[in-house]
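In case you want the letters, here they are:
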Amino acid sequence: MTTSIARARRRESAARVWAEFRRHRSGLAGLAILTFFIAVALFAPLLADESGLDVTQATGEPLSPPSPEYPLGTDESGRSVLTLLIWGARVSLFVGLLATVISMVIGTLVGVAAGHFGGWSGATLNRLTEWFLVIPFLPLAIVLATILGRSLVNIAVVIGITSWPGTARLIRAQTLGIEARPFLERAKALGAGHWHQMTRHVLPNVMPMVFANTTLTVAIAILSETTLAFLGLGDPLRPSWGSMLDSAFSSGAITTGAWWYILPPGICVVLVVLAFTLVGRALEAVLNPRLRER
Amino acid sequence: MPVTVQTAPVGRTADGGGPRVRSGTWRYVGGKALGALGSLAFILTFNFFLFRVLPGDPARNLTRNRKIPPEQVAALRESWGLDEPLLQQFLLYLKALLNGDLGISYKFRLPVADVIADRVWPTLVLVGTGTLIATVVGLWIGIKSGWNRGSRFDKVTTGSTLTVYAMPEWWLGLILLAVFAVGIGPLPGVFPTGGLISPGVDPWSLEGILDMAWHLVLPVTTLALAYLAEYALIMRSSLLDEMGEDYLLTARAKGLRDDLVRRRHAVPNALLPAVTLVALNIGFVVSGAITIETVFSIPGLGLLTYEALRVPDYPLLQGCFLLFSIGVVLANLGADLVYGWLDPRVRG
């Protein structure tokens, strides 16, 4: 019976968040852009034939400008840029989301533990977070990606393990705030163990912040994937938007003025990242009343 | 940019202030220096394990799927002392580091330390000027849009800063390169398409310095644009945090002009958190330098990292990683000290 009450209360608060979220026009716009790109990624096989990715089956002239047959022109080996773009959405979103999951899991675990456990274990975790925070992200990611080898999962793992400290710090601050609240003291007085305190009291309360932070982390993860792929660390068999820009750059699309090869992948990245940022900011404003006036 | 900070008389006791203040300052500086040393020790250890403790034979791991001559693999095993116990290897590694020995680069066939030494200053110039411009302009935009929240200026700048923030900085660089260096359609390019200096020009003459500045216009603009967006957003929200505070009401109530309330009271306080975030961001600016140097072929550490990862040249890559990390730790320490100087409260 208590679970049904909790569920009803949760549903109610979700409805309240949604009602508040709808008032943020930029957040709604972000949500619309995201829906579009997620649909493109899911229905990629219907929108463009996968054989269009195969260099050996390319039909077009290399680097030819947009035409009725190739709405966004062709790349240096004669493949349709539009096809690459559609399949690239899958890769970019997949890596971005997987990296975010990894980063959020590590960040939340470390953050909650660092905030919940006082004494040396909490202090150690906090120190560790700060040390990782100092290591410059891209050099570390480059080194890790070069060691692990080029595959989509590896790229996601690399981004995940390089981007968790920011989350951990945020979650730790939130946890410390909750630790001071009377309901946790009550739970402790009733004999709740660490596990119960963390899973039943701390986590449910930091979850909204984790959620808002997640959308912002996806934005950063997608940007990171694009950058790593641009540097040539992407999966050579599954081109993402970043790998497209890598090929465009190294095949001299800049000097030949092949704008159709440089602009579309970049614009897609900007749109998706902007959309995640807008949704994340709107969510933050909904969940954190201090920011609501902005 | 007014950096006049309201020095509140906190942490300074009225009686016998001198020695106590000094001991507080030293404790603050010492604590921060100790923290930086801790970070350095962590980075050195991390760097060691990064290349060694992955499952399997490190030398084989690094050469997997790549054509590296067997004698190089043997040399790698030898120089890392891979047949020795782990502790022995670690001591060997520390000893080599202290001697400035970072190994031999595969690509250049020269000591890594020498290769890196030649490439440091272009990166310093690029990151330094870029950060300076980004900070000044970004904070100015942030203050102006935050103070007049909801104004047209605020809407336009917040929209465009968010968009620039969503761009990979090297893509912005590619666009600037295409438009202003290569030229589009009938419009010719104005700026050089890459490099740091025209061939045959003496870098130490006046002509050489001007030529370098001309080459750096586009890369520095790219870096500054990419990061000023972030600083503007940070400063704006930091200022908004201060907007509701009582001391601003007091300042207004005593009849100060709006302009003075902003300059003397709101901005100095809002600047403090912004300074910390700008400092924390230096690691990301370094990341930006890697890609921007790649796009504009500026022979700095960033382009060197790119060249190293394309080979891949592990000793060189490791050296670059180490140097970038140490640079960021030192920059953070510097920022902490500046922060302590700006805000007497943290010195306690």
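All of these numbers come straight from a predicted model, not from anything done at the bench. Think of each chain on its own: its residues are numbered from 1, step by step along the sequence as written. For this description, chains carry letters from A and ligands carry numbers from 1, given in the order in which they are written. Reporting of local features is limited, given that this is a predicted model, to residues whose pLDDT is at least 70; pairs of side-chain atoms are given and counted only at 80 or more, and all residues count toward the totals for whole chains, interfaces and linings. Only hydrogens and water are set aside when side-chain values are computed; all heavy atoms of the structure are taken into account.

Digging into the overall build of chain B
Then, in step 1: Numbering of helices and strands runs from the N terminus; a helix is a DSSP stretch of H or I covering at least four residues, while a strand is a stretch of E covering at least two. Counting its secondary structure elements, chain B contains 14 helices and zero strands.
Then, in step 2: Of the regular secondary structure in chain B, the N- to C-terminal order runs α-α-α-α-α-α-α-α-α-α-α-α-α-α.
Then, in step 3: Counting only carbon and sulfur atoms, one obtains 65% of the accessible surface of chain B, whose full area is about 17200 Å². For the accessible areas, the method is Shrake-Rupley and the probe is 1.4 Å, while residue cover comes only from the protein chains on display.

Digging into the overall build of chain A
Then, in step 1: From N to C terminus, chain A includes twelve helices and zero strands.
Then, in step 2: Secondary structure of chain A in N-to-C order comes out as α-α-α-α-α-α-α-α-α-α-α-α.
Then, in step 3: Taking the contacts inside chain A whose residues are at least 6 apart along the sequence as the reference set, 71% of them involve residues at least 24 apart.
Then, in step 4: For chain A, the accessible area works out to roughly 13700 Å², and carbon and sulfur atoms hold 64% of it.
Then, in step 5: Counting rule for charge: Lys and Arg are taken as positive, Asp and Glu as negative, and neither His nor the chain ends is counted. Think of each charge as sitting on NZ of Lys, CZ of Arg, CG of Asp or CD of Glu. Across chain A, 23 positive and 17 negative side-chain charges occur, with their mean positions spaced 19 Å apart. Residue contacts are counted whenever heavy atoms from the two residues lie within 4.5 Å of one another.

As for the packing of aromatic side chains
Then, in step 1: Between the rings of Phe, Tyr and Trp (Trp by its six-membered ring), a pair exists once the centres lie within 6.5 Å; its type follows the angle of the planes, with under 30 degrees stacked, over 60 edge-to-face, and the other angles tilted. In total, this model carries 17 aromatic pairs over all chains according to the counting rule given.
Then, in step 2: For the ring pair F230(A) and F249(A), a centre distance of 5.5 Å and an interplane angle of 45° mean the geometry is tilted. Remark: F249(A) occurs in helix 10 (residues 241–250) and F230(A) occurs in helix 9 (residues 194–230); sequence separation between them is 19 residues.
Then, in step 3: Note on F42(B) and F46(B): the rings are 5.7 Å apart at their centroids and 25° apart in plane angle, and the pair reads as stacked. Of this pair, F42(B) and F46(B) both sit in helix 1 (residues 17–52), four residues apart, roughly one helical turn.
Then, in step 4: We classify F42(B) as buried; its relative accessible area is 13%.
Then, in step 5: F46(B) gets classed as buried once you look at its relative accessible area, which sits at 18%.
Then, in step 6: Put simply, a charge is over a ring when the Lys NZ or the Arg CZ is close to the ring centre, within 6 Å, and near the line of the ring normal, within 35 degrees. Lying across the ring of F108(B), K107(B) places its NZ or CZ 5.6 Å from the centre.
Then, in step 7: In this structure, K144(B) is placed above the aromatic ring of F153(B), and the distance from its NZ or CZ to the ring centre is 4.5 Å. Summary of the burial criterion: residues with accessible area below 20% of their type's maximum are buried, those above 50% are exposed, and those between are partly exposed, where the area comes from a 1.4 Å probe applied to protein chains only.

Some details on the packing of helix 5 (residues 112–147) of chain B against helix 12 (residues 301–310) of chain B
Packed helices, taken two at a time, are described by the angle their axes make and the gap between the axes.
Residues and elements named next belong to chain B.
Then, in step 1: As a rule, the C-alpha atoms of each element are fitted with a line to give its axis, helices using only the stretch in contact, and angles between N-to-C directions run from 0 to 180 degrees. Two elements in contact, helix 5 and helix 12, have axes separated by 7 Å at closest approach and are oriented at 130°. On the basis of the axis angle, helix 5 is oblique to helix 12. Each of V115, I116, R119, V120 and T123 in helix 5 lies in contact with helix 12, whose residues at this interface are L301, G302, L303, L304 and E307.
Then, in step 2: Residues are sorted three ways: Asp, Glu, Lys and Arg are charged, Ala, Val, Leu, Ile, Met, Phe, Trp, Tyr, Cys and Pro are nonpolar, and all the rest, Gly among them, are polar. Grouping the constituent residues of the contact of helix 5 with helix 12 by class yields six nonpolar, two polar and two charged. Here is the rule for angles: anything less than 35 degrees is roughly parallel, anything more than 145 is roughly antiparallel, 65 through 115 is roughly perpendicular, and the remaining ranges are oblique.

Section: the confidence of the model for chain B
Then, in step 1: In the predicted model, chain B carries a mean pLDDT of 81, and 86% of its residues have values of at least 70.
Then, in step 2: For this predicted complex, the interface confidence score (ipTM) comes to 0.86, while the overall pTM stands at 0.85. pLDDT expresses, on a scale from 0 to 100, how confident the predictor is about each individual residue.

A few points about the interface of chain A and chain B
The parts lose accessible area when they come together, and the size of an interface is often stated as this lost area.
Then, in step 1: Contact residues are listed per partner, giving 46 residues for chain A and 54 residues for chain B.
Then, in step 2: Salt bridges are counted wherever a side-chain nitrogen of Lys or Arg sits within 4 Å of a carboxyl oxygen of Asp or Glu. Our enumeration of links across chain A and chain B arrives at one salt bridge.
Then, in step 3: The partner of R310(B) in a salt bridge is D246(A), and the shortest N-O contact between them spans 3.1 Å.
Then, in step 4: Think of a polar contact as two N or O atoms within 3.5 Å of one another; within protein, one of them needs to be a possible hydrogen donor and the other a possible acceptor, and neighboring residues in sequence only count if both atoms come from side chains. Linking chain A with chain B are six residue pairs in polar contact (both at pLDDT 80 or more).
Then, in step 5: Elements represented by at least two residues in the side of chain A that touches chain B include exactly helix 5 (119–134), helix 6 (137–148), helix 9, helix 10, helix 11 (253–256) and helix 12 (259–287) of chain A.
Then, in step 6: When residues of the side of chain A that touches chain B are assigned to their parent elements, the largest contribution, eleven residues, is made by helix 12 of chain A.
Then, in step 7: Looking at the side of chain A that touches chain B, its residues break down into 31 nonpolar, eight polar and seven charged.

Some thoughts on a nonpolar patch on the surface
All names here are of chain A.
Then, in step 1: Nonpolar side chains collect at one region of the surface, where I38, L42, F43, L46 and L47 lie side by side and expose about 540 Å² of accessible area between them.
Then, in step 2: Residue assignment for the nonpolar patch shows that the elements contributing at least two residues are helix 2 (25–42) and helix 3 (44–47).
Then, in step 3: Mapped onto the elements, L42 comes out in helix 2. The patches described consist of residues with a relative accessible area above 30% and no salt bridge, like charges being joined within 9 Å and nonpolar side chains (Val, Leu, Ile, Met, Phe, Trp, Tyr) within 5 Å.

Overview of the pattern of salt bridges
Residues and elements named next belong to chain B.
Then, in step 1: Applying the stated criterion to the full structure yields nine salt bridges over all chains.
Then, in step 2: Put simply, R236 and D154 hold a salt bridge, and the shortest N to O gap is 2.9 Å. Here D154 lies in helix 6 (residues 152–165) and R236 lies in helix 8 (residues 206–243), a separation of 82 residues in the sequence.
Then, in step 3: Taking relative accessible area as the criterion, R236 reaches 9% and is therefore assigned buried.
Then, in step 4: Assessed through its relative accessible area of 3%, D154 is described here as buried.
Then, in step 5: Three or more residues are tied together by salt bridges with common partners; here these are R257, D259, R262 and R263.

Side note on the nonpolar core
Then, in step 1: By size, the foremost hydrophobic cluster in this structure holds 160 residues, and its most contacted members are I142(A), L228(A), W241(A) and L50(B).
Then, in step 2: L50(B) has contacts with L140(A), V143(A), L144(A), I147(A) and F321(B), leaving out every residue within four places of it along the chain.
Then, in step 3: In terms of nonpolar packing, the next biggest core, distinct from the first, is built from nine residues, M104(A), M198(A), V202(A) and V210(A) among them. In this text, buried Ala, Val, Leu, Ile, Met, Phe, Trp, Tyr and Cys residues form a nonpolar core when linked through side-chain atoms within 4.5 Å.

With respect to unusual backbone geometry
All names here are of chain B.
Then, in step 1: With a phi angle near 55°, R109 is a residue other than glycine that sits in the positive phi range.
Then, in step 2: For R109, the location among the structural elements is in the loop between helix 4 (86–98) and helix 5.
Then, in step 3: Judged by relative accessible area, R109 falls into the exposed class, the value being 61%.
Then, in step 4: With a phi angle near 40°, S297 is a residue other than glycine that sits in the positive phi range.
Then, in step 5: Note on placement: S297 falls in the loop between helix 11 (282–295) and helix 12.

Let's talk about the environment of P182(A)
All names here are of chain A.
Then, in step 1: Position of P182 relative to the elements: it lies in helix 8 (residues 182–189).
Then, in step 2: Taking relative accessible area as the criterion, P182 reaches 59% and is therefore assigned exposed.
Then, in step 3: Along the primary structure P182 and T167 are separated by 15 residues, whereas in three dimensions their C-alpha atoms are 25 Å apart.

Focus on the confidence of the model for chain A
Then, in step 1: Mean pLDDT over chain A: 84, with 96% of residues reaching 70 or higher.
Then, in step 2: Across chain A, helix 2 of chain A holds the top mean pLDDT of 91, while helix 1 (residues 2–21) of chain A sits lowest at 80.

Observations regarding helix 6 of chain A
All names here are of chain A.
Then, in step 1: With twelve residues, helix 6 extends 16 Å from end C-alpha to end C-alpha; this agrees with the ideal 16 Å at 1.5 Å per step.
Then, in step 2: Of all twelve residues in helix 6, eleven are buried; the element is thus mostly enclosed.
Then, in step 3: Looking at helix 6, one finds that the buried residues are F137, L138, P139, L140, A141, I142, V143, L144, A145, T146 and I147. To estimate the expected span of a helix, subtract one from its residue number and multiply by 1.5 Å.

As for the packing of helix 6 of chain A against helix 11 of chain B
Then, in step 1: Running from N to C, helix 6 of chain A and helix 11 of chain B cross one another at 60°; their axes reach a closest spacing of 7 Å. The orientation of helix 6 of chain A with respect to helix 11 of chain B, classified from their angle, is oblique. Contacts between helix 6 of chain A and helix 11 of chain B involve F137(A), L138(A), P139(A) and I142(A) from the first element and F284(B), V286(B), S287(B), I290(B) and T291(B) from the second.
Then, in step 2: Its residues placed into classes, the contact of helix 6 of chain A with helix 11 of chain B shows seven nonpolar, two polar and no charged.

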